[in-house]
Amino acid sequence: MRRSGKLHSISILRKVLVIMLMMCVFGSCSFARQIGMDLNKHYNVDAYVDKLTGFGTFEGITKSFERVDVNDDNTPFLYRQIKGKKNVWRIEIKNVRLKLKSVWPRYKDKYLRNFEVLVDPNTGHLLRIRSKFDGYDPNMLPEPTAEWAEARLRGAGYEIYHGLPDEPPEISFIQALNAIGGHPLLAKEIYALYVMESKMKSQPRPVWAITLRGIPPLHFITVPPGVSQDKLPPIWQRNHFRYVVNAVTGKVLFATTTPQPMDPEQKKKE
């Protein structure tokens, strides 16, 4: 009887292991398992988003929660995984003025921002953070399509987004902005992704990829001899920056203006 009971226990253990393996295969063995909370519950999502963004300590903000389908996405390499997702959480965080410890206190955020955060409740994956400008800037062109961006990222050093990380970030969105410094306070729009990224042949690493749009254009201290001001790159090519921040160490890995928006003249030809 003792041997029979032992075999029965082994059989149960095998069944449990099979179930756990199936859960991992179908995507549940990711964020949702590691954070240990049911993200279908409103109050859990609220706490989770505070942890991801770092907005939990901000005063005066308001939040609203709704379930939506993702019908638009321009994330290079990953838009096929994100676009079409059903019943994800859309959290709108309003009345945000960024406060960055890395910037002198006298420098204030000139914009009152509304952030949109998309979270997949089944996996816990952060799909994107976005704050759009409620105004008009003729020099701020629309963000490029995913296909256009992919081609430019490959050509600029074979940078690739491999997927959404299977572990929550060690540093929050606000901590990543702190690492960047003062530029976020000047940006009209801020887009952020938490992704696995590699450059050239490096191993994929979890990063915050943060694009600042509508910043003061990069200034040329000296103009090459014989080049007139009207021959310099147009403002729409110089008023945005994408920072890539290591999501474990908080170190800024690099910054680039790639991918650029689609050239308006080329777009007319196409």
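Whatever comes next refers back to the structure up there.
As a starting point, this report considers the structure included with it. From a predicted model like this one, the values you see are computed outputs, not experimental measurements.

### Describing the overall build of the protein chain
Logical step 1: Secondary structure summary: the protein chain contains 8 helices and 9 strands in total.
Logical step 2: For the protein chain, buried positions account for 44% of its 270 residues.
Logical step 3: Intrachain contacts of the protein chain at a sequence separation of at least 6 include 69% that bridge at least 24 residues.

### Some details on the pairing of strand β7 (residues 205-213)
Logical step 1: Judged from the 9 bridges that link them, strand β6 (residues 189-198) and β7 form a sheet pairing that is antiparallel. Among the inter-strand pairings, Leu193 is bridged to a residue of β7, identified as Ala209.
Logical step 2: Linkage of β6 to β7, two consecutive antiparallel strands, is achieved through a turn of 6 residues, within which Met200 is found at a positive phi near 55°.

### Comments concerning the pairing of strand β9 (residues 252-256)
Logical step 1: Relative to β9, strand β8 (residues 240-246) runs antiparallel, the two sharing 4 bridges. Residue Arg242 lies in a different strand from β9, and its bridge partner there is Thr256.
Logical step 2: The turn linking β8 back onto β9 is made up of 5 residues, and Gly250 within it adopts a positive phi angle of 80°.

### Remarks on the environment of Leu153
Logical step 1: Its place among the elements puts Leu153 in helix α5 (residues 146-155).
Logical step 2: Overall, Leu153 belongs to the buried group, its relative accessible area being 2%.
Logical step 3: Taking the C-alpha atoms as reference points, Leu153 and Phe77, 76 residues apart in sequence, are found 9.9 Å from one another.
Logical step 4: In this structure Leu153 touches Pro76, Phe77, Tyr158, Glu159, Arg242, Thr258 and Pro259, once residues within four positions along its chain are discounted.

### Some details on the packing of aromatic side chains
Logical step 1: A complete count under the given rule lists 11 aromatic pairs for this structure.
Logical step 2: Relative to Trp208, the ring of Tyr194 has its centre 5.5 Å away and its plane inclined at 35°; by these criteria the two rings are tilted. Remark: Trp208 occurs in strand β7 and Tyr194 occurs in strand β6; sequence separation between them is 14 residues.
Logical step 3: In this structure Tyr194 comes out as buried when scored by relative accessible area, which is 3%.
Logical step 4: Trp208 gets classed as buried once you look at its relative accessible area, which sits at 0%.
Logical step 5: Within the aromatic cluster, the residues linked to one another by ring pairs are Phe55, Phe58, Phe115, Phe173, Tyr194 and Trp208.
Logical step 6: The positively charged end of Arg67 is found above the aromatic ring belonging to Trp89, 4.3 Å away from the centroid.
Logical step 7: Across from the ring centre of Phe133, 5.8 Å away, lies the NZ or CZ of Lys188, which sits over that ring.

### A look at the pattern of salt bridges
Logical step 1: Per the counting criterion, the structure on display carries 18 salt bridges.
Logical step 2: For Glu197, the salt bridge is made with Arg205, and the minimal N-O distance between the two is 2.9 Å.
Logical step 3: On the basis of relative accessible area, Glu197 is assigned to the buried category, the value being 0%.
Logical step 4: Looking at Arg205, the relative accessible area reads 22%, which means it is partly exposed.

### Considering unusual backbone geometry
Logical step 1: The linkage connecting Thr258 with the following residue, Pro259, adopts the cis geometry, with an omega of 0°.
Logical step 2: By the secondary structure assignment, Pro259 is in the loop between β9 and α8 (264-269).
Logical step 3: Positioned with a positive phi, Phe77 is a non-glycine residue whose angle comes to about 70°.
Logical step 4: Following the sequence through the fold, Phe77 ends up in the loop between β1 (62-68) and α4 (79-82).
Logical step 5: Of note in this structure, Asn87 is not a glycine but carries a positive phi near 60°.
Logical step 6: Inspection of the secondary structure puts Asn87 in the loop between α4 and β2 (88-96).

### Overview of the side chain of Thr256
Logical step 1: With respect to the secondary-structure elements, Thr256 resides in strand β9.
Logical step 2: Sequence-distant contacts of Thr256, that is, excluding residues within four places in its chain, are made with Phe241 and Arg242.

### Observations concerning the nonpolar core
Logical step 1: Counting residues in hydrophobic clusters, the biggest one holds 39 residues, and the most contacted among them are Phe55, Phe173, Trp208 and Ile210.
Logical step 2: Those elements that place two or more of their residues in this core are α3 (42-53), β2, β3 (113-119), β4 (126-131), α6 (173-180), β6, β7 and β8.
Logical step 3: Tallying contributions element by element places α6 first for this core, with 5 residues.
Logical step 4: For Phe173, the residues in contact, after removing those within four places along its chain, are Leu52, Thr53, Phe55, Phe115, Ile129, Ile190, Ala192, Trp208 and Ile210.
Logical step 5: Grouped together as the second largest cluster of nonpolar side chains are 17 residues, Val68, Phe77, Tyr161 and Phe254 included.

### A look at α3
Logical step 1: If you check α3, its first and last C-alpha atoms are 17 Å apart, about what 12 residues at 1.5 Å a residue would give, namely 16 Å.
Logical step 2: When we look at burial in α3, the residues that qualify are Asn44, Val45, Tyr48, Val49, Leu52 and Thr53. Across the axial projection of α3, the buried residues extend over an arc of 145°, all falling on one side. Counted as exposed and oriented over 90 degrees from the buried face of α3: Tyr43 and Lys51.

Calculation criteria
Residues numbered from 1 in each chain as written. Predicted model: local features only at pLDDT ≥ 70, side-chain atom pairs only at ≥ 80, totals over all residues. Heavy atoms only, no water. Helix = DSSP H or I, 4+ residues; strand = E, 2+ residues; numbered from the N terminus. Buried < 20%, exposed > 50% of the residue type's maximum accessible area, 1.4 Å probe, protein only. Contact = heavy atoms within 4.5 Å. Pairing = 2+ DSSP bridges. Phe/Tyr/Trp six-rings, centres within 6.5 Å; stacked < 30°, edge-to-face > 60°. Lys NZ or Arg CZ within 6 Å of the ring centre and 35° of its normal. Salt bridge = Lys/Arg side-chain N within 4 Å of Asp/Glu carboxyl O. Core = buried A, V, L, I, M, F, W, Y, C linked by side-chain atoms within 4.5 Å. Expected span 1.5 Å × (residues − 1). Arc of directions from axis to C-beta.

Take it as geometry only, folks, not as evidence of what the structure does.
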